[in-house]
Amino acid sequence: MNTLVAIEPGKASHADWKQVRNGAAIALPETVWPDVERSASAVQNMLMHGETVYGVNTGFGKLANTCIDRKDLGDLQRRIVLSHCAGVGSALSAPVTRMVMAMKAASLARGYSGVLAGTIQLLLAMLERDVLPVIPAQGSVGASGDLAPLAHLAAVLIGDGEATYEGVVMPGAAALQKAGLAPLSLVAKEGLALLNGTQVSTALALEGLYGAERVFKAAMLAGVLSVEAVRGSHVPFDARIHAVRGQPGQMAVAHSYKALLADSAIVVSHADCKKVQDPYCLRCQPQVMGAVLDVLQTTAKTLAIEANGVTDNPLIFSETNDALSGGNFHAEPVAFAADQMALGLCETGSMSERRIAMLTDPALSGLPAFLTPKPGLNSGFMIAQVSAAALVSENKQMSMPASVDSIPTSANQEDHVSMATHGARRLLTMVENAASVVGIELLASVQGLDLHDGLERSSAPLEAVRERLRAVVPMLEEDRMMAPDMAAAKALVTSGALLRLEGVEAALPEVCEA
């Protein structure tokens with residue numbers, strides 16, 4: 001059994017979702033069940049009074065005007081699940097799948113979806129016992145919700161589809177049985193409620209956000225180490241410069257750089273330096289990384305709202321016995337957030353690569369060519385910089401907005417879609433690329449520090465980062481295979497290991513509010 005995190009539907013935090021992605025199950029308060037029951041009862045009342053409700057006693061999409069006989073309503077819900085299992089591609093990762101399941105359960109538990117309590121409770125039990133549906137990552141256009149991927153989730157609840165249990169992929173029914181659970185028979189509205197919603201797009205965007213958060217903070221560390229490696233000026237981080245512009249992210253980043261550089265002996269060692277201005281990749285870090293911080297903080301707020309929202313259709317308002325058809329399933333807010341994050345990731349990697357190029361160029365850095373003690377005989381970081389450039393160009397290509405693309409579906413009934421799902425999914429590749437670039441900069445900046453004569457040391461937090469890197473990657477004295485070094489440095493970025501060093505994370509700005 002997994003550990004439990006208590007979540008109040010509509011009020012979950014980023015800290016809650018991070019726990020879920022890392023393996024926690026969720027516990028809902030007992031106060032949610034009366035609202036769930038009233039919502040399910042309202043659906044039955046509407047049917048008893050002969051009301052026509054979309055997706056409850058009608059067909060779906062373009063078939064909304066087709067009425068369904070009452071005896072077929074349960075079968076209708078089963079058929080919509082099976083027919084919509086049309087996803088393709090590799091499966092979503094376990095962390096993303098866990099967030100999808102938790103968000104779907106929390107959304108249904110708000111009491112506006114007309115499902116039975118048992119449906120939500122099965123989702124919770126599956127999450128707790130690690131029965132994870134196999135959800136193909138491709139096949140959603142981000143409206144009307146993430147239909148195909150969520151259908152693959154719902155299929156396991158009714159004993160169909162595939163799931164992993166104890167790390168093994170098996171038929172959904174077998175996974176439920178091994179976990180001591182039984183499949184459901186869906187009643188009116190339940191299949192549609194499970195399929196409709198933005199949970200897959202949102203979970204993918206959150207996974208991208210949490211990865212971007214780690215990359216962003218590691219890039220700040222790499223950037224300030226690069227300043228130290230080339231004996232760069234600390235003046236561009238003076239708070240007065242940033243206060244007169246007034247951009248909050250810029251001011252926060254500059255403050256963090258000043259904190260990270262406090263008590264550095266390196267700046268003292270070159271106090272009489274005649275250098276007037278450093279290249280933009282050093283000098284403009286507060287302006288660029290501050291803009292990235294603003295974007296990440298804004299998208300974190302958008303996604304926190306979306307993860308807590310009710311995004312299926314129609315919505316059931318039991319206090320007035322109304323079923324209202326709207327469009328909360330349209331994932332445009334997620335699509336915009338994903339596009340903005342893509343820009344931030346692209347620029348983070350771009351600035352990092354420019355610093356790598358600067359460090360390897362003796363005319364700019366004052367260091368040996370390609371950061372090797374014996375250039376010519378050794379090539380040093382020559383091709384590591386080429387790899388960084390290649391990855392940055394890949395991210396540039398992927399940063400093209402997905403939200404401006406739309407293609408009609410369902411015989412033009414769904415004539416404008418968000419493309420949020422693949423807009424969010426591409427963030428995961430962009431995070432990996434940017435993490436590799438930042439890892440290379442960490443290697444290059446620490447190599448630059450090691451190449452300096454003298455024993456001047458930087459601040460305590462930066463020396464802790466330097467020592468942590470050197471614990472897994474020794475100084476490059478002679479040419480060797482760079483790929484293992486680059487992989488080790490990337491792992492420090494993606495794992496967040498550097499942020500756990502004493503005095504490091506406290507000096508960095510917060511991206512996601514707790």
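Please refer to the structure placed before this passage.
Residues numbered from 1 in each chain as written. Predicted model: local features only at pLDDT ≥ 70, side-chain atom pairs only at ≥ 80, totals over all residues. Heavy atoms only, no water.

1. Some remarks on the overall build of the protein chain
And then number 1: The number of helices and strands found in the protein chain is 20 helices and 9 strands.
And then number 2: Its C-alpha atoms give the protein chain a radius of gyration of 26 Å, near enough to 24 Å, the size a compact globule of 514 residues would have.
And then number 3: For the protein chain, buried positions account for 55% of its 514 residues.
And then number 4: At a minimum sequence separation of 6, the contacts of the protein chain that also span at least 24 residues come to 78%. (Helix = DSSP H or I, 4+ residues; strand = E, 2+ residues; numbered from the N terminus. Rg over C-alpha atoms; globule rule 2.2 N^0.38 Å. Buried < 20%, exposed > 50% of the residue type's maximum accessible area, 1.4 Å probe, protein only. Contact = heavy atoms within 4.5 Å.)

2. Some remarks on the packing of aromatic side chains
And then number 1: Following the criterion strictly, the structure yields 2 aromatic pairs and no others.
And then number 2: Measuring from ring centre to ring centre gives 5.4 Å for tyrosine 112 and phenylalanine 317, while their planes differ by 55°; the resulting arrangement is tilted. Separated by 205 residues along the polypeptide, tyrosine 112 in the loop between α4 (94-108) and α5 (117-128) and phenylalanine 317 in strand β8 (residues 315-317) bring together distant segments of the chain.
And then number 3: With relative accessibility at 23%, the residue phenylalanine 317 sits in the partly exposed group. (Phe/Tyr/Trp six-rings, centres within 6.5 Å; stacked < 30°, edge-to-face > 60°.)

3. Concerning the packing of helix α9 (residues 199-229) against helix α11 (residues 248-261)
And then number 1: At a minimum axis separation of 11 Å, α9 and α11 run at an interaxial angle of 55°. One finds that α9 runs oblique with respect to α11. Relative to α11, α9 is oriented so that their crossing is right-handed. Judged by residue contacts, Phe216, Met220, Leu221, Val224 and Glu228 of α9 engage Val253, Ser256, Tyr257, Leu260 and Leu261 from α11.
And then number 2: Classifying every residue of the contact of α9 with α11 by side-chain character gives 8 nonpolar, 1 polar and 1 charged. (Axes fitted to C-alpha atoms, helices over the stretch in contact; angles between N-to-C directions. Parallel < 35°, antiparallel > 145°, perpendicular 65-115°, else oblique. Left-handed = near helix turned anticlockwise from the far one by under 90°. Nonpolar A, V, L, I, M, F, W, Y, C, P; charged D, E, K, R; others polar.)

4. Remarks on the packing of α9 against helix α18 (residues 420-451)
Each packed pair of helices is defined by two parameters, the angle between the axes and the distance between the axes.
And then number 1: Following both chains from N to C, one finds α9 and α18 inclined at 15°, their axes separated by 8 Å at the closest point. Between α9 and α18, the crossing angle belongs to the class labelled roughly parallel. For the element pair α9 and α18, the recorded crossing hand is left-handed.
And then number 2: Looking at the contact of α9 with α18 residue by residue, the classes come out as 21 nonpolar, 8 polar and 4 charged.

5. Section: the pattern of salt bridges
And then number 1: What the rule picks out here adds up to 25 salt bridges.
And then number 2: Residues aspartate 75 and arginine 78 are paired through a salt bridge, measuring 3.8 Å at the closest nitrogen-oxygen approach. With a gap of 3 residues between them, aspartate 75 and arginine 78 both fall in helix α3 (residues 73-83), about one helical turn apart.
And then number 3: Given the relative accessible area of 41%, arginine 78 is considered partly exposed.
And then number 4: Residue lysine 374 pairs with glutamate 478 through a salt bridge whose shortest N-O separation is 3.6 Å. Within this pair, whereas lysine 374 is found in the loop between α16 (362-365) and α17 (382-398), its partner glutamate 478 is found in the loop between α19 (460-470) and α20 (483-495), the two being separated by 104 residues in sequence. (Salt bridge = Lys/Arg side-chain N within 4 Å of Asp/Glu carboxyl O.)

6. Quick word on the nonpolar core
And then number 1: Trp17, Ile26, Ile120 and Leu209 are the most contacted members of the largest nonpolar core, which totals 148 residues.
And then number 2: Tallying contributions element by element places α9 first for this core, with 19 residues.
And then number 3: If near-sequence neighbours (up to four positions away) are discounted, leucine 209 is found in contact with His14, Leu296, Thr299, Ala300, Leu303, Met341, Val511 and Cys512.
And then number 4: In terms of nonpolar packing, the next biggest core, distinct from the first, is built from 9 residues, Val43, Leu47, Ala188 and Ile316 among them. (Core = buried A, V, L, I, M, F, W, Y, C linked by side-chain atoms within 4.5 Å.)

7. Considering α3
And then number 1: Every buried residue of α3 is accounted for by Leu73, Leu76, Gln77, Ile80 and Val81. Each buried residue of α3 lies within a common arc of 135° when the element is viewed along its axis, so the set occupies one face. In α3, those exposed residues whose orientation departs by more than 90 degrees from the buried face are Arg79 and Ser83.
And then number 2: The inward-facing, buried residues of α3 contact α2 (32-48), α6 (147-157) and α8 (190-195). (Arc of directions from axis to C-beta.)

8. A look at the state of the cysteines
And then number 1: Applying the stated criterion across every chain yields a total of 0 disulfides.
And then number 2: The structure places no disulfide on cysteine 346, whose sulfur is separated from the nearest cysteine sulfur, that of cysteine 281, by 16 Å.
And then number 3: Note on cysteine 346: relative accessible area 9%, which makes it buried. (Disulfide = S-S within 2.5 Å.)

9. A word on the sheet that holds strand β7 (residues 168-171)
And then number 1: If you trace the 3 strands from one edge of the open sheet to the other, you get β4-β6-β7, paired in antiparallel fashion. The strands lining the two open edges of the sheet, one partner per strand, are β4 (132-133) and β7.
And then number 2: Bridging between strand β6 (residues 162-165) and β7 involves 4 bridges; their strand directions are antiparallel. Bridge pairing in β7 links glutamate 162 to proline 171. (Pairing = 2+ DSSP bridges.)

10. Focus on the environment of serine 325
And then number 1: When you line up the elements, serine 325 lands in the loop between β9 (322-324) and α15 (332-360).
And then number 2: The exposed category is assigned to serine 325, whose relative accessible area is 53%.
And then number 3: Taking C-alpha positions, serine 325 is 7.5 Å from tyrosine 54, a pair spaced 271 residues apart along the chain.

11. Here we look at a nonpolar patch on the surface
And then number 1: Together, Met382, Ile383 and Val386 make up a nonpolar patch on the protein surface, roughly 250 Å² of accessible area in all.
And then number 2: Among the structural elements, valine 386 can be located in helix α17. (Patch = residues over 30% accessible without salt bridge, like charges linked within 9 Å, V, L, I, M, F, W, Y side chains within 5 Å. Areas by Shrake-Rupley, 256 points an atom, 1.4 Å probe, with all protein chains shown as cover.)

12. Looking at helix α1 (residues 14-21)
And then number 1: Those residues of α1 lying buried are His14, Asp16, Trp17, Val20 and Arg21. Here the buried residues of α1 occupy an arc of 155° about the axis, which is enough to place them on one side.
And then number 2: Each element contacted by the buried residues of α1 is listed here: β1 (4-6), β2 (25-27), α4, α9 and α14 (285-308).
And then number 3: Looking one or two residues past α1, glycine 23 carries a phi angle of roughly 125°, positive in sign.

13. Observations regarding the environment of methionine 46
And then number 1: Structurally, methionine 46 is set in helix α2.
And then number 2: Methionine 46 gets classed as buried once you look at its relative accessible area, which sits at 1%.
And then number 3: Separated by 279 residues in the primary sequence, methionine 46 and serine 325 have C-alpha atoms spaced 14 Å apart.
And then number 4: Look past the residues within four positions of methionine 46 in its chain and what remains in contact with it is Glu51, Val53, Ile316, Asn321, Asp322 and Ala323.

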